[in-house]
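Inside the fold
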Amino acid sequence: MRLTVIVTTYNSPAWLEKVLWGYSAQDHGDFEIIVGDDGSTDETGALLTRMRAETGMDIRHVWQRDDGFRKCRILNKAILHARSEYLVFTDGDCIPRRDFLAEHVRHAAPGHFLSGSYCKLPMATSEAITRDDILAGRCFDIDWLRAHGLPRNRKNLKLAAPPSRAGLLNRLTTARCNFKGSNGSVWLADAMKVNGFDERMAWGGLDREFGVRLRNAGVKPRHVRYNAICVHLDHSRGYRDEAMVRANKQWRVDVARSGRIETDRGIRQLVDDGYEAAA
């Protein structure tokens, strides 16, 4: 099964490089990567050119000019560039374990989207991870991470969960099965059915709103939080706006109550505005 992996980024080439080394070591090798870039400088483009040469991966760079936080728009552009029927969404600060894509493939099913999670790392641990740590898998070992600054936290126990128990833990978890842009997957046809991401939404729940409309369309969620594992590198969030978070939450609640399936500011409107995905 061929996948399109959509990785969003903005001016964080050091973290993006670590993420791409994670994809270079995947057990499931049939995939393309689309880097959805919300206005980074030329340093990111240079990194991608080098990583194509060093890894041999199929990496495409979809860039838009920096005009504030426009993640939903770059996500919709990336979707239009997809050349496979199944999309895996993640961020340029989430390093995947080597079985990450294989788990998304294993659990993909018609009429469903997948909801994963991540293990959030402190800055010291994030900086300590090297290319060799990623390729050898050390940065997913709970003991190695604790030795390099990861605090003890029950949220991190998913890293220690044996594969044989992942299914049971996914069924028992009390975590809500929302769509997560850092670790989620969906059929391209279903993403198009809801008209992609709502471009009016800024940071704070934009992925969950997309998931609400998928559910309204009859697409059911399924947990992969204990088996599709990635670690989240630390960074500042200067774009965080609590008022916007509250507004987005209210928007999402209204969408759920109304049963709305399509956004009226998504992929079709992007195309109507003149955007064309290059061949």
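Summarised in this report is the structure supplied together with it. (Residues numbered from 1 in each chain as written. Predicted model: local features only at pLDDT ≥ 70, side-chain atom pairs only at ≥ 80, totals over all residues. Heavy atoms only, no water.)

Bringing empty space enclosed by the protein into the picture now. Evaluated as defined, the whole model comprises one cavity of 30 Å³ or more. The calculated volume of the largest cavity comes to roughly 40 Å³. For the largest cavity, the full set of lining residues is Ile6, Thr8, Lys71, Leu75, Phe89, Thr90, Asp91, Gly181, Phe197, Leu206 and Asp207. Those elements that place two or more of their residues in the lining of the largest cavity are strand E1 (3-9), helix H3 (71-81), strand E4 (86-91) and helix H10 (206-216). When residues of the lining of the largest cavity are assigned to their parent elements, the largest contribution, three residues, is made by E4. (1 Å grid on protein atoms, 1.4 Å probe; cavity = no way out; pocket = protein on both sides within 12 Å on 5 of 7 lines; lining within 4 Å. Points joined across faces, edges and corners; volume = space filled by probe spheres on them. Helix = DSSP H or I, 4+ residues; strand = E, 2+ residues; numbered from the N terminus.)

Taken in spatial order, the seven strands make up an open sheet running E3-E2-E1-E4-E8-E6-E9, and their pairing is mixed. In the strand order of this sheet, the two ends are held by strand E3 (59-63) and strand E9 (220-223), each with one partner. Taken over all neighbouring pairs, the strand axes of this sheet differ in orientation by 20° on average, direction set aside. As judged from the five bridges shared by strand E2 (residues 31-37) and E3, these two strands associate in the parallel manner. (Pairing = 2+ DSSP bridges. Axes fitted to C-alpha atoms, helices over the stretch in contact; angles between N-to-C directions.)

This part covers the packing of helix H1 (residues 13-24) against helix H2 (residues 42-55). Packing of H1 against H2 brings their axes to within 10 Å, and their N-to-C directions diverge by 20°. Relative to H2, the element H1 lies roughly parallel. The handedness of the crossing between H1 and H2 comes out as right-handed. Two secondary-structure elements touch here, H1 through Pro13, Leu16, Glu17, Leu20, Trp21 and Ser24 and H2 through Glu43, Thr44, Leu47, Leu48, Arg50, Met51, Glu54 and Thr55. (Parallel < 35°, antiparallel > 145°, perpendicular 65-115°, else oblique. Left-handed = near helix turned anticlockwise from the far one by under 90°. Contact = heavy atoms within 4.5 Å.)

Next up on the list: the packing of aromatic side chains. A complete count under the given rule lists nine aromatic pairs for this structure. Seen from their ring centres, Tyr86 and Trp187 are 4.7 Å apart, and the 75° between their planes marks the pair as edge-to-face. In this pair, Tyr86 is assigned in strand E4 and Trp187 in strand E8 (residues 183-187), connecting sequence segments 101 residues apart. When its relative accessible area of 1% is taken as the criterion, Tyr86 is described as buried. The interplanar angle of 75° and the centroid separation of 5.7 Å between the aromatic rings of Phe89 and Phe179 together place this pair among those described as edge-to-face. Of this pair, Phe89 sits in strand E4 while Phe179 sits in the loop between helix H8 (163-172) and E8, and the two are 90 residues apart along the sequence. What links up through ring pairs into an aromatic cluster is the set Phe89, Phe113, Phe179, Phe197 and Phe210. Over the ring of Trp21 we find Arg131, and its NZ or CZ is 4.5 Å from the ring centre. Across the ring face of Trp251, the terminal group of Arg260 is positioned such that the distance to the ring centre comes to 5.7 Å. (Phe/Tyr/Trp six-rings, centres within 6.5 Å; stacked < 30°, edge-to-face > 60°. Buried < 20%, exposed > 50% of the residue type's maximum accessible area, 1.4 Å probe, protein only. Lys NZ or Arg CZ within 6 Å of the ring centre and 35° of its normal.)

Turning next to the environment of Leu87. Counting through the fold element by element, Leu87 comes out in strand E4. Filtering out sequence-adjacent residues up to four positions away, Leu87 remains in contact with Thr4, Ile79, Ala82, Gly184, Ser185, Val186, Leu188 and Ala191.

A word on the pairing of E1. The element E1 is extensively covered by neighbouring structure, given that seven of its seven residues are classed as buried. Here E1 shows a buried face lined by Leu3, Val5, Val7 and Thr9 and a second buried face lined by Thr4, Ile6 and Thr8. Inspection of the sheet shows E1 paired to E2 by seven bridges, in the parallel sense. Its bridge partner being in E2, Leu3 is matched across the sheet by Phe31.

Moving on, we come to the sheet that holds strand E5 (residues 94-96). Here we have three strands laid out as an open sheet, ordered E5-E10-E7, and mixed in their pairing. Where the open sheet ends on each side, the last strands, each with one partner, are E5 and strand E7 (119-120). In the sheet, E5 pairs with strand E10 (residues 230-232) via three bridges, with the strands oriented antiparallel. Residue pairing for E10: Cys94 is matched across the bridge by His232.

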